Amino acid sequence: MWRATLSNTRQAHRLLSTGPRLKYKVSALASPAKAGAILRRSYHEDVVYGYRVPKDFVYPDYSPQQLKNRQQQAALVCLVNAFRTTGHRATDLDPLGIQKRQAIPELDPARYGLTDANEMFDVDGILAAKTEDGSTMLSVAEIHKALTDLYCGHVAFEFEHIPDTAEKRWFADHIESTSTNYKLDAAKKRRFYELLARSEAFDNFMQKKFGQVKRYGLEGAESAIVALDELFSLCNHSNIAEAVVGMPHRGRLNILVDLLKYSPRALFHKLHGNAEFPSDLPASGDVISHIASSPMLNYGCSSDLHVTMLHNPSHLEAVNPVVAGYGRAKQMYLYDKNTDPGCALGDRLIGVQIHGDAAFTGQGVIMETLGLSNLPHFSLGGTVHIIINNQIGYTTPATNARSTLYTSDIAKLVNAPVIHVNGDYPEEVARAMRVAFEYRKLFRKDVIIDLITFRRWGHNELDEPSFTQPHMYKIIRARESVPKQYERRMQDEGVISKADASETRSAFTKYLDDELVASKDYVPQADHLKGKWAGLTMATEVAPSIDTGVSEATLREVGEKSVSADSAFHVHSRLVKHHIQPRLKRLQDGPSVDWATAEALAFGTLLKEGFNIRLCGQDVGRGTFSQRHAMFVCQDTENVFIPLNSIGGSQGKLEVANSNLSELAVLGFEYGVSIQSPNVLPIWEAQFGDFNNTAQVIIDTYISSGETKWLRQSGLVMLLPHGYDGAGPEHSSSRIERFLQLCNTPLDMSVESSKTQNPNMHVAIPTTPAQIFHLLRRQMKRDYRKPLVVAGPKTLLRLSAATSPLEDMAPGTSFQPVLSDSLADDPTKVKRVVFMAGKLYYDLAKAYVERKDEISSRIAIVRVEEVCPFPRQELLEEMARFPAATEFTWCQEETMNAGVYTFVQPRMQSLLPKGSVLGYIGRGPLAAPVTGISNVYKAEQAQIISNALSII
């Protein structure tokens, strides 16, 4: 993997023709003068479902006359480039005046020999600014003033780091040619004033009525509402149908109530200690700073803009990848349903992410999410990022919070342009947003607005900030608020009168008062089963086992399709010999199929029924263990082919999204996909099971608790390769115990209430291909959605004993939470029942068969295939098969403090006959998952098997 920058098209073709036989994607060149073609090693995936890239934007090169002018005026070119590159360091950006303008020597014309202020220059091709009569002849003084006004005012631009010449040229030309044309009419100014005034009135009202509530108000950063309003207006007028928004707590309530039509009476009802959902729903709710809204907005257009602000947890920035995934799923839905074949990436939907300054530079999820922004299976076609830059993180000043000049510098990772703007100037904030929107509209890439503001109170309204920032807060407490400043300006301009201002504030305060009174009788409504989710239910207990079987004829048809490719498509010879031919033989001759085949059958039959599937993770197309091969790569052209997308008919589509090396952002992305539509089966596979460790925030705050907090169902599947194989501590355990700790299953299974369980997620450890087939199909065949965590196999993928006949997947079959003992010939003779889960079964079964005569039916081995919900009834029925049993034991290869033992122990104990105690066979407690000493590992594994099968 490497990247090269080429000066022109000819050089690019020369490299491609003479270099290694690899295919590269060359960004389209607008003309021979558009330098900086970026080469990236790439598959030819453009015909693969889900592979979406932005349309090219062609920007003209300099004309011959402009090039000649630039060559003749090299000193002037240097001056202009200096302003474009470093002008941002000489701007007036800090509303508190603490950070002063810097003196930048490079911005002095004399540095380049331009000492005569009256000397005239033709700036055509050098500077896009012109005189009022359209002339390109400007004096040095006029040029310097124009550059200072453009690049050193209350807005600053950083775009020279962008490697693409066309993007840089567009940015400079747009700033220099349109800045003087950005004029606001009185109606727009009144709109901005009303938003600002209402935000301040809301904060004042909340302080008066709910003074002990941590509301995380927007005071000091009210211009953020102007930025969003301008953005939504631009979206509406550009025929964008959907905006998906994620933001943290700071200013959330202001934006919800002031802009996104969230009902104040619903908010006040919640503030009085009531639930935000109907009382008959099994939901625990969340705090006010996490609530969401999804209104329709209209700015005088023929169609509405649907804005969706997603719920967020208190873990800063964790919502960002969720926004990206949710937006991507909605965009794919719009794309699939759109009758316009010209609908391009980003045409109908925009992502909006709002950040805090300290979090933006400090949280790794920012970098990971940005890293997804231009990837073909993850891109939204450009997200607008707004950093609400309070210049402080809780109590930490910028000098201790980041190592970069700006908090926005991390965005240069993806070459995103940055627009810094002083939040004291709402109209300049709107202008900055207009530039950002136009860039995103043309180039379909992320863009950053660094909105530099302040925080009037501490981290929350109950905090005292002057303990640690006395100088900053002396300035803040002495200054006028942003809304009051703008109100004064509007009065000076004659846009509003004092009476108008007073009426705006008093009317909104009265409205809030009325809503507060009405909140006493407010009855919340649920909004979770609407739109695409209509027709589904909210589970109140585990549904009975459902038939997920499929006819054998269909299974064979789908299985054959899963490895079929056109004869002209050159599949690797080893795949033909070791993957395609064996699968076809198993399907035709039997007697059974392996794990990868059963998975493909589950995928294919769901696709055939019209469901879409998104399979995502590192190397998922091939599979970590080279077992899946859901995608074929032509050995001649490197074209990619997904066999399961050629089943035929009105089938759904499989998107194979090989991800970058991220877990936190990618898992958050897939969760976002899962809550957008119930008709897509989203699957995230970890390269190894313990890779989920770095995504723990998503697991804790979204996957395991999203439904109970926010009524948002998710059918996300997590496939986590798990199992000890002597390879050492890492990559052996999926840390299944952590997921079980998050499950809400009752401890005491003997009580009547435990007969009905409504788990927050399912946790399974299947041991046969048929079981994974049924698990995956069950996700989509039920009338509700639950997350599914699968501790999947590694060694079982190719174990001959771990296969299943097609009849186990035929009509009338389903997933079995418990697999009965099949080793003891006479259940009435069984004295010891060994319960276990996972691949260890095959080691035990092999040893059992070797000692079968010795054991003589005195031991039974029962597999628990699904641990949550706890299979209470199935276990009771299984234990009833062994009336003479006196010993009940849990056996596992994991350490005692890991695996499922600590979860099953109290629950199984409550089901055992009176006087019985659940025994334990397995490794003892250990800080690491397992030993890294191979001889010790082998001895421990042998001892576990020996203990489990010791004769009673």
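J.: Quick rundown of the overall build of the protein? Include the residues and the values.
T.: For the protein, the count of helices and strands is 30 helices and 29 strands. Compactness check: the protein gives a C-alpha radius of gyration of 32 Å against a globular reference of 30 Å for 952 residues, within 12% of the reference. With respect to the three principal axes, the spread of C-alpha positions in the protein is 110 × 75 × 55 Å. Each of the 952 residues in the protein was classed as buried or not, and the buried ones make up 58%. Summed over all atoms, the accessible surface of the protein reaches about 37,700 Å², with 51% contributed by carbon and sulfur. Mean positive and mean negative side-chain charge positions of the protein (103 and 107 charges, respectively) differ by 2 Å.

J.: Please give an account of unusual backbone geometry that cites residues and values.
T.: Omega for the peptide link from G590 to P591 comes to 0 degrees, which places this bond in the cis form. The omega torsion of the bond from C868 to P869 falls at 0 degrees, within 30 degrees of zero and hence cis. Relative to the elements of secondary structure, P869 occurs in the loop between strand 27 (866-868) and helix 28 (872-880).

J.: Residue-level account of the packing of helix 12 (residues 364-372) against helix 21 (residues 664-676), with values.
T.: The geometry of helix 12 relative to helix 21 is characterised by a closest axis approach of 8 Å and an angle of 65 degrees between their N-to-C directions. The pairing of helix 12 with helix 21 is recorded here as roughly perpendicular in orientation. Between helix 12 and helix 21 the crossing geometry is right-handed. Across the interface between the two elements, V365, E368, T369 and L372 from helix 12 touch L664, A665, V666 and F669 from helix 21.

J.: Please give an account of the side chain of S857 that cites residues and values.
T.: Tracing the chain through its elements places S857 in the loop between helix 27 (852-855) and strand 26 (859-864). For S857, a relative accessible area of 10% translates into the label buried. A polar atom in the side chain of S857 sits 3.1 Å from the backbone nitrogen of D825. Apart from residues no more than four positions distant in its own chain, S857 is found in contact with A824, D825, D826, K829, V830 and Y848.

J.: An account of helix 10 (residues 319-337) is needed here, citing residue identities and associated values.
T.: An ideal rise of 1.5 Å per residue puts 27 Å on 19 residues; helix 10 measures up with 27 Å between its terminal C-alpha atoms. A large share of helix 10 lies buried, amounting to 14 of its 19 residues.

J.: Residue-level account of the nonpolar core, with values.
T.: L667, M718, F739, F835, I861, W890 and C891 are the most contacted members of the largest nonpolar core, which totals 95 residues. For this core, the element with the most residues is helix 21, which contributes eight residues. Each residue touching F739, except ones within four places of it in the same chain, is listed here: N692, I699, M718, L720, S734, M761, V763 and V789. One finds V80, I240, I255 and A436 within the second-largest nonpolar core, a separate group that totals 92 residues.

J.: Just give me the short version of the packing of helix 18 (residues 552-561) against helix 19 (residues 573-589), but keep the residues and values in it.
T.: Packing of helix 18 against helix 19 leaves a shortest axis separation of 10 Å and a crossing angle of 170 degrees. Taken as axis vectors, helix 18 and helix 19 run roughly antiparallel relative to one another. Contacts between helix 18 and helix 19 involve L555, R556, G559 and E560 from the former and R583, L584, L587 and Q588 from the latter. Its residues placed into classes, the contact of helix 18 with helix 19 shows three nonpolar, two polar and three charged.

J.: Would you mind going over the pairing of strand 20 (residues 680-685) in detail, with residue names and values included?
T.: Summarising burial for strand 20: five of the six residues are buried, a large majority. Looking at chain direction, strand 16 (residues 612-617) and strand 20 are connected through six bridges and run parallel. Residue pairing in the sheet places C616 in a bridge with W684 of strand 20. Two strands pair when backbone bridges link them, and strand 20 and strand 21 (residues 717-721) are joined in this way by three bridges, in the parallel orientation. Bridging from a neighbouring strand, I683 pairs with V717 of strand 21.

J.: Kindly report on the pattern of salt bridges, identifying the contributing residues and their values.
T.: Under the counting rule described, the total for this entry stands at 48 salt bridges. As a salt-bridge pair, D347 and K55 come within 3.9 Å of each other at their nearest N and O atoms. Residue D347 is located in the loop between helix 10 and strand 10 (349-356), and its partner K55 is located in the loop between strand 3 (37-41) and helix 2 (64-72); the two are separated by 292 residues in the primary sequence. Each of D203, R215, E219 and E461 takes part in one network of salt bridges that share partners.

J.: Tell me what's going on with the sheet that holds strand 29 (residues 918-923), and back it up with residues and numbers.
T.: The strand order across the open sheet built from five strands is 24-26-25-28-29, with neighbouring strands paired in mixed fashion. What marks the edges here is a single partner per strand, and that holds for strand 24 (818-819) and strand 29. Pairing analysis gives two bridges linking strand 24 to strand 26, with the strands arranged antiparallel. Residue pairing across strands places V818 opposite V864, the latter belonging to strand 26.

J.: Report on the environment of E707, specifying residues and quantitative values.
T.: Along the chain, E707 falls in helix 23 (residues 706-710). Residue E707 is classed as buried on the basis of its relative accessible area, which comes to 12%. Taking the C-alpha atoms as reference points, E707 and L259, 448 residues apart in sequence, are found 26 Å from one another. In contact with E707, not counting residues within four places along its chain, are M538, R712, Q713, R785 and K786.

J.: Describe the pairing of strand 23 (residues 788-792), naming the residues involved and giving the relevant values.
T.: Among the five residues that make up strand 23, five are buried, leaving the element largely enclosed by the rest of the structure. By the alternation rule, side chains of strand 23 split into L788, V790 and G792 and V789 and A791, which are all buried. The pairing of strand 21 with strand 23 spans five bridges and is parallel. Residue pairing across strands places L719 opposite V790, the latter belonging to strand 23. Pairing geometry for strand 22 (residues 762-764) and strand 23, over three bridges, is parallel. Counterpart to V763 in the pairing with strand 23 is V789.

J.: Lay out the sheet that holds strand 27 in plain terms, naming residues and giving numbers.
T.: Spatially, 19-16-20-21-23-22-27 is the arrangement adopted by the seven strands of the open sheet, whose pairing is mixed. Two strands close off the open sheet at either side, each with one partner strand: strand 19 (654-658) and strand 27. On average, adjacent strands in this sheet sit at an angle of 20 degrees to one another, irrespective of strand direction. Bridging between strand 16 and strand 19 involves five bridges; their strand directions are parallel. Each bridged residue has a counterpart across the sheet, and for R614 the counterpart in strand 19 is E655. Contacts from helix 25 (residues 769-781) reach strand 20, strand 21, strand 22, strand 23 and strand 27 within the one sheet, and its direction differs from that of strand 20 by about 135 degrees.

Cut-offs applied
Residues numbered from 1 in each chain as written. Predicted model: local features only at pLDDT ≥ 70, side-chain atom pairs only at ≥ 80, totals over all residues. Heavy atoms only, no water. Helix = DSSP H or I, 4+ residues; strand = E, 2+ residues; numbered from the N terminus. Rg over C-alpha atoms; globule rule 2.2 N^0.38 Å. Buried < 20%, exposed > 50% of the residue type's maximum accessible area, 1.4 Å probe, protein only. Areas by Shrake-Rupley, 256 points an atom, 1.4 Å probe, with all protein chains shown as cover. Lys, Arg positive; Asp, Glu negative; His and termini not counted. Charge placed at Lys NZ, Arg CZ, Asp CG, Glu CD. Axes fitted to C-alpha atoms, helices over the stretch in contact; angles between N-to-C directions. Parallel < 35°, antiparallel > 145°, perpendicular 65-115°, else oblique. Left-handed = near helix turned anticlockwise from the far one by under 90°. Contact = heavy atoms within 4.5 Å. Polar contact = N/O pair within 3.5 Å; in protein donor to acceptor, adjacent residues only side chain to side chain. Expected span 1.5 Å × (residues − 1). Core = buried A, V, L, I, M, F, W, Y, C linked by side-chain atoms within 4.5 Å. Nonpolar A, V, L, I, M, F, W, Y, C, P; charged D, E, K, R; others polar. Pairing = 2+ DSSP bridges. Salt bridge = Lys/Arg side-chain N within 4 Å of Asp/Glu carboxyl O.

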